[in-house]
Amino acid sequence: MDINYEIERLLQYGIQKKLLDKMDLIYIRNSILEVLKIDDFKGIEVKIEILENPVEILENILNWAEENNKLLEGTVTYRDLLDAKLMGCLMPRPSEVIKEFYENTEKKGIKCATENYYAMSKASNYIRTERIAKNMHWDSPTEYGELEITVNLSKPEKDPKAIAAAKHMKSSSYPSCVLCKENEGYRGRLNHPARQNHRIIPLSLTGEEWFLQYSPYVYYNEHSIVFSSDHRPMKISEVTFVRLLEFVEKFPHYFIGSNADLPIVGGSILSHDHFQGGNHEFAMAKAPIEKKVKFKKYPNIEGGIVKWPMSVIRLSSENTQDLTKLADDILHTWRNYSDEEVGIFAETKGESHNTITPIARRKNGLFELDIVLRNNRTSERHPLGVFHPHKEVHNIKRENIGLIEVMGLAVLPGRLKEELVILEEVILEDNYIEKIENNKIIEKHLSWAKEIKGKYSDLTVDNIEKILHEEVGLVFSKVLEHAGVYKRDEKGQGAFIKFIKLFC
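Residues numbered from 1 in each chain as written. Predicted model: local features only at pLDDT ≥ 70, side-chain atom pairs only at ≥ 80, totals over all residues. Heavy atoms only, no water.

## Details of the overall build of the protein
Put simply, the test is: A run of DSSP states H or I qualifies as a helix once it reaches four residues; a run of E qualifies as a strand once it reaches two. Both are numbered from the N-terminal end. Atoms counted for the radius of gyration: C-alpha only. Globule rule: 2.2 Å times the number of residues to the power 0.38. Three exposure classes are used, based on accessible area relative to the maximum for each residue type with a 1.4 Å probe and protein chains only: buried under 20%, partly exposed in between, and exposed over 50%. In what follows, a contact means two residues having at least one pair of non-hydrogen atoms within 4.5 Å. Here the Shrake-Rupley method, with its probe set to 1.4 Å, supplies the accessible areas, and only the displayed protein chains count as covering residues. When charges are tallied, Lys and Arg are placed among the positive residues and Asp and Glu among the negative ones, while His and the ends of the chain are skipped. Every charge is mapped onto a representative atom, which is NZ of Lys, CZ of Arg, CG of Asp or CD of Glu.
A count of helices and strands for the protein gives 17 helices and 15 strands. Computed over the C-alpha atoms, the radius of gyration of the protein is 25 Å, within 12% of the 23 Å expected from 2.2 N^0.38 for a compact globule of 504 residues. Scored against the burial criterion, the 504 residues of the protein give a buried share of 56%. Taking contacts inside the protein between residues at least 6 apart in sequence as the whole, the part at least 24 apart equals 65%. A total of about 24,000 Å² of accessible surface is found on the protein, and carbon and sulfur atoms cover 49% of it. Averaging the locations of the 69 positively and 77 negatively charged side chains of the protein gives two centres separated by 3 Å.

## Here we look at a positive patch on the surface
Using the following cut-off: Here the term patch refers to residues with relative accessible area over 30% and no salt bridge, with like charges joined within 9 Å and nonpolar side chains (Val, Leu, Ile, Met, Phe, Trp, Tyr) within 5 Å. A carboxyl oxygen of Asp or Glu within 4 Å of a side-chain nitrogen of Lys or Arg is what we treat as a salt bridge.
There is a patch of like positive charges on the surface, built from Lys 18, Lys 99, Lys 107 and Lys 108. Along the chain, Lys 99 falls in helix 5 (residues 94-108). For Lys 99, a relative accessible area of 53% puts it in the exposed group.

## A word on the side chain of Asn 376
Going by this rule: In protein, a polar contact requires one atom able to donate a hydrogen and another able to accept it; more generally it is a pair of N or O atoms within 3.5 Å, and residues adjacent in sequence count only if both atoms are side-chain atoms.
Mapping Asn 376 onto the fold places it in the loop between strand 14 (366-375) and helix 12 (403-406). A polar contact of 2.9 Å, which involves the side chain of Asn 376, links it to the side chain of His 353. When sequence neighbours within four positions are dropped, the list of residues in contact with Asn 376 reads Leu 262, Pro 263, Ile 264, Val 265, Glu 351, Ser 352 and His 353.

## Let's talk about the packing of helix 5 against helix 6 (residues 110-123)
Convention followed: Axis lines are fitted to C-alpha atoms, over the contacting stretch for helices. Their N-to-C directions set the angle, which ranges from 0 to 180 degrees. Angular relationships are summarised with four words: roughly parallel below 35 degrees, roughly antiparallel beyond 145, roughly perpendicular across 65 to 115, and oblique for the angles in between. Left-handed describes a crossing in which the near helix is turned anticlockwise from the far one by less than a right angle; the clockwise case is right-handed.
Packing of helix 5 against helix 6 leaves a shortest axis separation of 7 Å and a crossing angle of 150°. Between helix 5 and helix 6, the angle is such that the two are roughly antiparallel. For the pair helix 5 and helix 6, the sense of crossing is right-handed. Contacts between helix 5 and helix 6 involve Val 97, Phe 101, Asn 104, Thr 105 and Lys 108 from the former and Ile 110, Cys 112, Ala 113, Thr 114, Asn 116, Tyr 117 and Met 120 from the latter.

Okay, here's the thing in structure tokens:
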């Protein structure tokens, strides 16, 4: 392999994707040579090629770097640190990206601006499209609509050598977390991702500085993260609703939502105030209102209980101020609300349990707010959470239910890829029980397999994959039902209506 040739290919890719201008070619080539510690270079003419991403070129360069002792180790962590540094050489300065974003907004509209920014984030390899493509994804029909199922195979496995080496590193608190604005252009380290190829867009929400970026491992179209300039803990309050509604006024083609601000029912990062959004319609957004409600103090707000496995109140109006006030009334009432008959306790032993997962969007010219009631209480029977996936579904999902899953997109563990393939074969055999019991990889699925065998009398090689995928979707709907504070039975829905009547 000729390293000169691969460098020229990378430069041509950058020009093709409009990451760099031809006038900057010599400067950027020299930057790449510096990164790779190459003193001699011979210019080579390369053919014009149309590439979706730079992965093939980067892999060739990284292989060369490993063979020529330019990499300390050839593991994924060290390779990721170097490929981000290489792509960082091609990137425009932050000010240029920001200027182009707002010029596009003014001249072509905000939808065009986000599309171009998203395309740049993929072209720069900040969004790891080739890894994301490894994910398994399918839609599963349920009584709540088509739920989306993703088996997460995109994030690389933990690198044992990098983990061992990181133990000997000097500790650092810069950046404070992976969401902080200081990540933009950061070189990375063994226990923190490199972000030289990362650019963020500043925006104002409630007069404060916030930023827009995309997730490096997107789960849906234009999966974005909107985060505070300040590293401060998440806290849902009245101003949260103001920010969410202000955002969808500025970005009407996006939804935006917040994870709950308590552990167990919250997201993985509670230390930095942030939202998630994007250009995608989830099953929950399509779900109808099954019980309409009138609010005496707010006659211009339409609302009700959404037909959804979790406990969702939907509010809709042209008036964002009234929406904010009613949403805040619901939040403050729920924070202190208990109903022992259905197992809802606002606090136990001095610990508060009630919070919400709020989501905002524009629909038919109106502002729409979905308020999902959450509670993070644990018990002896359910030590991971009373309103959390119960043990009976842990073979499919045992992790916390965050914003994305609340809305109907399951993010399931990568182990299921192998487990489902083995199960597809074993479940068709007469002695499937014995085979599952003696297989440590799939023994956790025995009860589920028995249910499926009892449900279907015509399982075959041709239909087993489809049936298992559909059954995974049904288990996920149970997972969401477990996370719902008001159950879908008569007693639970009666208790839900009792709570809502406090605002009628």
